[in-house]
Amino acid sequence: MAEKIPIAVQINDKNRNYILGGILFAIFFVYYFVIMQPQLMTLRSLSPEITILSQDLKKAKDDIEKLHVYQSQVNQLQQKISLLGERIKSKEEVPVILERISNLANQYHIRVDQITPMLDTQELLMKGKEGNYFSLPIMIEARSNYHDFGRFLNDIESDSISLTVEKFSILANAQDTLKHEIKLTVNAVVLEPAGE
């Protein structure tokens, strides 16, 4: 009588490759879903942050390359600010502004009848750490001829004090045809220092 091989051994011999493949699949399945999946989810959640950080890093590298350009622009702006700071007078220096306007008028043979700062109509331009900047209208009534008045306006606009011509009117004078009646409003930028 021939000896019988146990059925369990026959199944293992026939299906050894299938069983080995099944075990490897089970190990891979457990490894992927139990161990790797949480790590992959963490990487996916970090992906937008990594993209933002890489963009920031690229921008930082570009900015570092342009640093000398930025520094030269800062120096130019600081020079402009210091020049403008010299042109802007404080509210206490309004008499200096009026005197400067009067001197310019005398230089061009303009007879000033009245010069009045209109403090009640001043307008707040800007608040800064130094204080508040105001546009102070100054009304001028004077008499002059056209040419002298034109030169006076030119000097007002390009003066060392921050002055701009807002409006003016010229009326003919019946008594003196060479000297016309002029009404002029000039705006001066003045600073009211902080803490006042």
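Criteria and thresholds
- Residues numbered from 1 in each chain as written.
- Predicted model: local features only at pLDDT ≥ 70, side-chain atom pairs only at ≥ 80, totals over all residues.
- Heavy atoms only, no water.
- Salt bridge = Lys/Arg side-chain N within 4 Å of Asp/Glu carboxyl O.
- Helix = DSSP H or I, 4+ residues; strand = E, 2+ residues; numbered from the N terminus.
- Buried < 20%, exposed > 50% of the residue type's maximum accessible area, 1.4 Å probe, protein only.
- Pairing = 2+ DSSP bridges.
- Axes fitted to C-alpha atoms, helices over the stretch in contact; angles between N-to-C directions.
- Left-handed = near helix turned anticlockwise from the far one by under 90°.
- Contact = heavy atoms within 4.5 Å.
- Nonpolar A, V, L, I, M, F, W, Y, C, P; charged D, E, K, R; others polar.

Let us look at the pattern of salt bridges. Taken as a whole and judged by the stated rule, the model has 4 salt bridges. K59 is the salt-bridge partner of D63, the closest N and O atoms lying 3.1 Å from each other. Of this pair, D63 and K59 are both found in helix α2 (residues 16–65), 4 residues apart, which corresponds to roughly one turn of the helix. For the salt bridge of D148 with R151, the shortest nitrogen-to-oxygen distance reads 2.6 Å. Residue D148 and its partner R151 are located together in helix α5 (residues 146–157), separated by 3 residues, close to a single helical turn. Overall, the relative accessible area of 43% leaves R151 in the partly exposed class.

Strand β4 (residues 131–144) sits mainly inside the fold: 10 of its 14 residues count as buried. Looking at chain direction, strand β2 (residues 111–117) and β4 are connected through 6 bridges and run antiparallel. If you follow I115 over to β4, its bridge partner there is I140. As defined by bridge partners, strand β3 (residues 123–127) adjoins β4 across 4 bridges and the pair is classed as antiparallel. Residue pairing across strands places K127 opposite N132, the latter belonging to β4. In this structure, the hairpin formed by β3 and β4 is closed by a connection of 3 residues.

Let us now look at the environment of K129. As for its position among the elements, K129 is in the loop between β3 and β4. Overall, the relative accessible area of 77% leaves K129 in the exposed class. Linking K129 and A194, residues 65 residues apart in sequence, is a C-alpha distance of 7.2 Å.

Interhelical geometry of helix α4 (residues 94–107) versus α5 gives an angle of 145° and a closest axis separation of 9 Å. The element α4 and its partner α5 pack so that their crossing is right-handed. Residue-level inspection shows I101, L104, A105 and Q107 of α4 in contact with α5, the latter providing F152, D155 and I156. When its residues are assigned to classes, the contact of α4 with α5 shows 5 nonpolar, 1 polar and 1 charged.

Remember, this is a structural readout, not a statement about activity or role.
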